[in-house]
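Overview (structure and organization)
These are the residues of each chain, in order.
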There are 2 protein chains.
Amino acid sequence: MPGTSQPTSSPTAYTPTDRTVPTRSADRASYDKELVHAILDEGYVCHLGFVRDGAPVVLPTLYGRVGERLYVHGSTGSRPLRMSGEADPGLAVCLTVTHVDGLVLARSAFHHSINYRSVLVHGIAHQVTDPEERRIALDALVDHVVPGRSRDSRPANKKELAATAVIRLDLDEVSAKVRTGGVNDEPEDLSLPYWAGVVPVRREYGAPQADAGLPSGVALPDYLTVL
Amino acid sequence: MPGTSQPTSSPTAYTPTDRTVPTRSADRASYDKELVHAILDEGYVCHLGFVRDGAPVVLPTLYGRVGERLYVHGSTGSRPLRMSGEADPGLAVCLTVTHVDGLVLARSAFHHSINYRSVLVHGIAHQVTDPEERRIALDALVDHVVPGRSRDSRPANKKELAATAVIRLDLDEVSAKVRTGGVNDEPEDLSLPYWAGVVPVRREYGAPQADAGLPSGVALPDYLTVL
């Protein structure tokens, strides 16, 4: 099965490389696979960077994870997906996912920050052409939005499959970066008359809004009541 | 004053270019300045893309806006900030900000989507060396996290200023992309027995957590009670 059988240098951590060791705040970096997976699985949108005509492009897009592989999909006509076509050697990408967890208000302007968790994945993205891997990837993309949803919706038909390009990015050159905790003010600033602390930030879900055309008798599924 | 005096082709909209007209879902694109500013002002983290050794890098980072200019800051030792130094012609970047507003669950897997608002800014980032513009930029960065906060914290001192690099990116080649509304299922799918609709997603703030070392008598400021 795709995504579960690639050898890696460690079963629990990614191997740091020149470009996954940050030049600053290296103490915030982690290569722990469990942490990386958790950050990835909590996000809805990644920011996919690639180079076009020598200039960087950063597009927000949905993604899915199957083991140590990430999948991104899109129209067969979209630019990054065209650029990673079969005839190409792949597309160099950087895929980043970030969660904002808190606003860190220090007494000094300089030490203002945010609490966050982010993952950066560097690598070469390749088009997925194997029908079975494409099916697994597309299920993962739907289940990434709501776990369990792929089994409770109409699968893609031939026409839809033909219109959908899927690219794969292996989790190999990967790092997480995390800031948690409180303010880091200078000792001489502690008595200044400015409020200091952390304002937590989190994601909230509103009540699901059923489509107006929903047939009567179609109930809200359990997987939505737990959000 | 920086950020308010650049001529643009229209007072209310950015001029579309080859790279700001999307190849897909062009109906979701907008060049309206008010919309772009609103999306930018609501975000905490942008994803800054640049090219290093021929490969893309996408870093999450704080930003601030002053009129038609964005500012990003960082350590003088950080890579993108070093690369846009005075001796350089600037650094080609793509800066993207995205908000997730809802999960769109269609009856068909193919039509699953999310409601979102995003802004892409293409351009050349330059180091800011003018002391007055640097001060304005750093205030904007703090006020972007919490409006009004720069006046209620200790300003950066000489040592901190010397350690901080600021880069500027003009809002010139800019587009917004927005998806709103409900599911777009195929007519023949409407009677399928799958729940369909939208789950709203929004940002919530927790109660501010005061730093343990806060002197007694320092009250929670008004600008935090309105979050």
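None of these values were measured; they are calculated from a predicted model.

**A few points about the interface of chain A and chain B**
- Contacts between the two partners involve 89 residues from chain A, matched on the other side by 89 residues from chain B.
- Of the roughly 7300 Å² buried between chain A and chain B on both sides combined, carbon and sulfur atoms contribute 66%.
- Of all residues in chain A, Pro56(A), Arg154(A) and Trp195(A) give up the largest surface area on contact with chain B, accounting jointly for 10% of the area buried on that side.
- Along the contact surface separating chain A from chain B lie 4 salt bridges.
- The closest approach of N and O atoms between Asp189(B) and Arg154(A), which form a salt bridge, is 2.8 Å.
- Run the count over chain A and chain B and you get 29 residue pairs in polar contact (both at pLDDT 80 or more).
- Sort the elements by how many residues they give to the side of chain A that touches chain B and strand 10 (residues 197-205) of chain A lands first, with 9 residues.
- Here the residues of the side of chain A that touches chain B are counted per class, giving 52 nonpolar, 21 polar and 16 charged.
- Bridge analysis of strand 11 (residues 209-210) of chain A against strand 10 (residues 197-205) of chain B gives 2 bridges, and the strand direction is antiparallel.

**Re the packing of aromatic side chains**
- Considering all chains together, one arrives at 0 aromatic pairs over all chains under this definition.
- If you follow Lys33(A) out to its NZ or CZ, it ends over the ring of Tyr14(A), 5.3 Å from the centre.

**Points about the pairing of strand 5 (residues 69-75) of chain B**
Residue and element names in this part refer to chain B.
- Burial of strand 5 is extensive: 5 of the 7 residues sit out of reach of the surface.
- The pairing of strand 4 (residues 64-66) with strand 5 spans 3 bridges and is classified as antiparallel. Note on strand 5: the bridge partner recorded for Val66 is Arg69.
- Hairpin connection between strand 4 and strand 5: a loop of 2 residues separates the two successive antiparallel strands, and Gly67 in this loop has a positive phi of roughly 60°.

**Some points on the relation of the copies chain A and chain B**
- Rotating chain A by 180° and moving it 0.0 Å along the rotation axis overlays it on chain B with an RMSD of 0.0 Å. The superposition of one copy onto the other is thereby described by a two-fold rotation axis. It is Arg203(A) whose C-alpha, among those of chain A, lies nearest the rotation axis, at 2.5 Å.
- Most of the interface of chain A is mirrored in chain B, where 100% of its interface residues again form contacts.

What counts as what
Residues numbered from 1 in each chain as written. Chains lettered and ligands numbered in written order. Predicted model: local features only at pLDDT ≥ 70, side-chain atom pairs only at ≥ 80, totals over all residues. Heavy atoms only, no water. Contact = heavy atoms within 4.5 Å. Buried area = accessible area lost by both parts, 1.4 Å probe. Salt bridge = Lys/Arg side-chain N within 4 Å of Asp/Glu carboxyl O. Polar contact = N/O pair within 3.5 Å; in protein donor to acceptor, adjacent residues only side chain to side chain. Helix = DSSP H or I, 4+ residues; strand = E, 2+ residues; numbered from the N terminus. Nonpolar A, V, L, I, M, F, W, Y, C, P; charged D, E, K, R; others polar. Pairing = 2+ DSSP bridges. Phe/Tyr/Trp six-rings, centres within 6.5 Å; stacked < 30°, edge-to-face > 60°. Lys NZ or Arg CZ within 6 Å of the ring centre and 35° of its normal. Buried < 20%, exposed > 50% of the residue type's maximum accessible area, 1.4 Å probe, protein only. Least-squares fit on C-alpha atoms with pLDDT ≥ 70 in both.

Scope: geometric values only; no functional claims are made or implied.
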